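Each chain, letter by letter, is given below.
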Amino acid sequence: MKKLALSDLNSLYSAINEKMKLYAPIDINGAVNYGEWNKDSVVNLNKMTVKSAKDAFFPQCEDLSNFKKDGKHIIVEQGELVKEDFVIFGVRACDVRAFHILDTVFLEGFLDTFYEARRKHGIVISLSCTKPEESCFCTTFGIDPAAPKGDVESYICGEEIYFNAVTEKGNAFMTQFDSLFKNCDDKAVESSKKKTREVMNKLPLSGLSTEAFGGDKLDALFNRPEWQALSESCLGCGTCTYVCPTCQCYDVRDYKTNSGIKRFRCWDSCMRKDFTMMAHGTNRPSHMQRFRQRFMHKLVYHPANHNGEFSCVGCGRCVAKCPVSMNIVKVIKTLGGNK
């Protein structure tokens with residue numbers, strides 16, 4: 001176990017930035033999101049980011065390839081893969097678990113080389129929660145916010161921040177910057193973990209249960225009449241999908257430029273009526289069907305195909321950001337009989 005004074009964090013950020021890119025929760029006018037760090041950045045480790053950390057591995061928009069014409073020939077240039085290491089700092093336990101869920105999509109079966117390159121070079125420094133939000137319910141999915149995992153775990157205790165390497169990649173990182181840290185025991189960390197777990201047990205959503213959901217519940221849930229009433233208050237704005245750390249739907253488009261055709265992909269939402277539009281139209285023409293698809297995927301389809309693992313990590317962002325307070329918690333409570 002190593003430690004560093006919170007007042008010396010900027011020295012650590014600078015040291016990291018000299019060797020590789022550093023992404024951290026940057027506070028801009030009160031809104032905190034992950035961004036590339038520089039000496040003028042204001043890092044806020046106490047507030048939940050608006051969007052998740054998934055941008056580090058699955059960016060909101062990225063170039064895939066370029067097509068250029070040379071006489072009668074078409075030249076295809078693949079988009080550049082990430083080739084250098086980078087650090088993403090301050091990732092909460094829910095977002096760390098979300099990386100694993102994204103891995104099952106992009107690294108199993110058909111391999112996504114863009115995602116694979118980022119995962120290979122990304123070093124995740126997680127951060128234990130000390131002040132969980134009231135909208136959090138990560139423990140519902142077996143996540144311990146006091147033990148966030150990643151490559152290196154960090155814990156803020158008083159005026160110091162403690163670090164513990166978890167993986168080989170994490171050990172290499174700690175060795176590289178060893179001169180900045182002091183050796184220490186884990187007494188303060190264990191005390192902090194205990195307090196965090198006590199807080200989690202007192203949160204409004206601490207007793208939320210997923211017992212009524214899972215990969216074997218398709219027949220029991222698909223035609224439930226409650227879907228219609230639940231979906232009627234939903235605006236279909238897609239906010240929930242854009243702040244969600246596990247949503248992985250994207251669209252691929254071609255864009256004509258002066259030098260050829262650029263192919264790129266960007267996040268998409270299953271809540272959009274033109275999502276997966278085909279020649280005959282869409283296979284989910286009603287809003288209710290699109291609404292049901294989102295939550296059935298999280299709570300039934302994904303666990304059916306991934307050893308029972310739900311595609312939700314209980315980060316609470318959709319609970320906090322939905323403009324009409326229609327979210328996965330209400331779905332779980334309504335269909336699962338939760339009070």
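In what follows, the structure referred to is the one given above.
Residues numbered from 1 in each chain as written. Predicted model: local features only at pLDDT ≥ 70, side-chain atom pairs only at ≥ 80, totals over all residues. Heavy atoms only, no water.

Enquirer: Whenever I open this one, helix α4 (residues 168-176) confuses me. Can you help?
Expert: In an α-helix, one full turn covers 3.6 residues, which means residues spaced three or four apart are oriented alike. Inspection of α4 places Gly170, Phe173 and Met174 among the buried residues, and these make up the whole buried set. The arc that holds every buried residue of α4, seen down its axis, measures 95 degrees, which confines them to one face. Within α4, the exposed residues directed more than 90 degrees away from the buried face are Glu168 and Thr175. Those residues of α4 that are buried are in contact with β1 (2-5), α1 (9-19), β6 (86-91), β7 (122-127), β8 (152-157) and β9 (160-165). (Buried < 20%, exposed > 50% of the residue type's maximum accessible area, 1.4 Å probe, protein only. Helix = DSSP H or I, 4+ residues; strand = E, 2+ residues; numbered from the N terminus. Arc of directions from axis to C-beta. Contact = heavy atoms within 4.5 Å.)

Enquirer: Honestly, the sheet that holds β9 in this entry has me stumped. Any pointers?
Expert: Consider a sheet: its strands pair through backbone hydrogen bonds, and that pairing is either parallel or antiparallel. Overall, mixed pairing links the 8 strands, which are arranged β3-β2-β6-β7-β8-β9-β1-β10 in an open sheet. Each end of this open sheet is capped by a strand with a single partner; those strands are β3 (31-36) and β10 (182-183). Pairing of β1 with β10 involves 2 bridges; the strand directions are antiparallel. The residue bridging lysine 3 from the neighbouring strand is lysine 182, located in β10. Here helix α5 (residues 187-202) sits on the sheet in contact with β8 and β9, set at roughly 80 degrees to β8. (Pairing = 2+ DSSP bridges. Axes fitted to C-alpha atoms, helices over the stretch in contact; angles between N-to-C directions.)

Enquirer: What am I meant to see in the packing of aromatic side chains here?
Expert: How two aromatic rings sit relative to each other is set out by the distance from centre to centre and by the angle between their planes. Enumeration according to the criterion identifies 18 aromatic pairs in this entry. With a centroid separation of 5.8 Å and 90 degrees between ring planes, the pair formed by tyrosine 23 and phenylalanine 86 is classed as edge-to-face. Within this pair, whereas tyrosine 23 is found in strand β2 (residues 21-28), its partner phenylalanine 86 is found in strand β6, the two being separated by 63 residues in sequence. Residue phenylalanine 86 is classed as buried on the basis of its relative accessible area, which comes to 6%. Each ring, one from phenylalanine 57 and one from tyrosine 115, has its centre 6.4 Å from the other, and the planes form 65 degrees; the classification is edge-to-face. Taken together, the positions of phenylalanine 57 in the loop between β3 and β4 (61-70) and tyrosine 115 in helix α3 (residues 113-121) put the pair 58 residues apart, joining distant regions of the chain. Given a relative accessible area of 0%, tyrosine 115 falls into the buried group. Members of the aromatic cluster, connected to one another through ring pairs, are Tyr23, Phe57, Phe58, Phe86, Phe99, Phe106, Tyr115, Tyr242, Tyr250 and Trp267. In this arrangement the basic side chain of arginine 265 is found over the ring face of tyrosine 250, its NZ or CZ atom lying 4.7 Å from the centre. Looking at arginine 292, its charged tip hangs above the ring of phenylalanine 222, at a distance of 3.7 Å from the centre. (Phe/Tyr/Trp six-rings, centres within 6.5 Å; stacked < 30°, edge-to-face > 60°. Lys NZ or Arg CZ within 6 Å of the ring centre and 35° of its normal.)

Enquirer: Can you walk me through the nonpolar core in this structure?
Expert: General note: in soluble globular proteins, nonpolar side chains tend to be found buried as a group. Grouped together as the largest cluster of nonpolar side chains are 41 residues, with contacts concentrated most on Phe137, Trp227, Phe291, Leu299, Ile328 and Val331. Mapped by element, the contributors of at least two residues to this core are α2 (93-106), α7 (226-232), α9 (287-305) and α11 (328-336). The element best represented in this core is α9, accounting for 6 residues. Beyond its immediate chain neighbours, meaning those up to four positions away, isoleucine 328 contacts Phe137, Phe295, Lys298, Leu299, Cys312 and Cys318. With 25 residues, the next largest nonpolar core counts Leu12, Ile26, Leu127 and Phe163 among its residues. (Core = buried A, V, L, I, M, F, W, Y, C linked by side-chain atoms within 4.5 Å.)

Enquirer: When you look at the pairing of strand β5 (residues 73-78) in this model, what are you seeing that I'm missing?
Expert: Sheet faces and side chains relate simply in a regular strand, where the side chains alternate between the two faces. Burial analysis of β5 places just 0 of its 6 residues in the buried class, a small minority of the element. Examined bridge by bridge, β4 and β5 share 6 bridges and lie antiparallel to one another. Note that in β5 the partner of lysine 68 across the bridge is isoleucine 75. Connecting β4 to the next strand, β5, in antiparallel fashion are 2 residues, including glycine 71 with a positive phi near 65 degrees.

Enquirer: Looking at this model, I keep getting lost on the sheet that holds strand β12 (residues 260-267). Mind explaining?
Expert: With respect to topology, 4 strands assemble into an open sheet ordered β5-β4-β12-β11, the strand pairing being antiparallel. Whereas interior strands pair on both sides, the edge strands pair on one side only; in this sheet they are β5 and β11 (250-257). Within the sheet, the average angular offset between the axes of one strand and its neighbour, ignoring direction, is 20 degrees. As judged from the 8 bridges shared by β11 and β12, these two strands associate in the antiparallel manner. The residue bridging lysine 256 from the neighbouring strand is isoleucine 261, located in β12. In the packing of α3 onto the sheet, contacts are made with β4, β5 and β12, and the angle to β4 comes to roughly 130 degrees.

Enquirer: Even after reading the chapter, I still don't get unusual backbone geometry, so can you show me in this structure?
Expert: Residues other than glycine predominantly adopt negative phi, and peptide bonds predominantly adopt the trans conformation. The backbone phi angle of asparagine 29 is positive, close to 55 degrees, even though this residue is not glycine. Examined against the element boundaries, asparagine 29 turns out to sit in the loop between β2 and β3. Here the phi dihedral of asparagine 307 falls at roughly 55 degrees; this positive angle occurs in a residue that is not glycine.

Enquirer: I would appreciate a short explanation of the environment of lysine 169 in the present structure.
Expert: Here lysine 169 lies in helix α4. Separated by 48 residues in the primary sequence, lysine 169 and histidine 121 have C-alpha atoms spaced 9.5 Å apart. The residues touching lysine 169, leaving out its near neighbours within four places in the chain, are Arg119, Lys120, Gly122, Ile123 and Asp151. Side-chain polar atoms of lysine 169 contact the backbone oxygen of glycine 122, separated by 2.9 Å. (Polar contact = N/O pair within 3.5 Å; in protein donor to acceptor, adjacent residues only side chain to side chain.)

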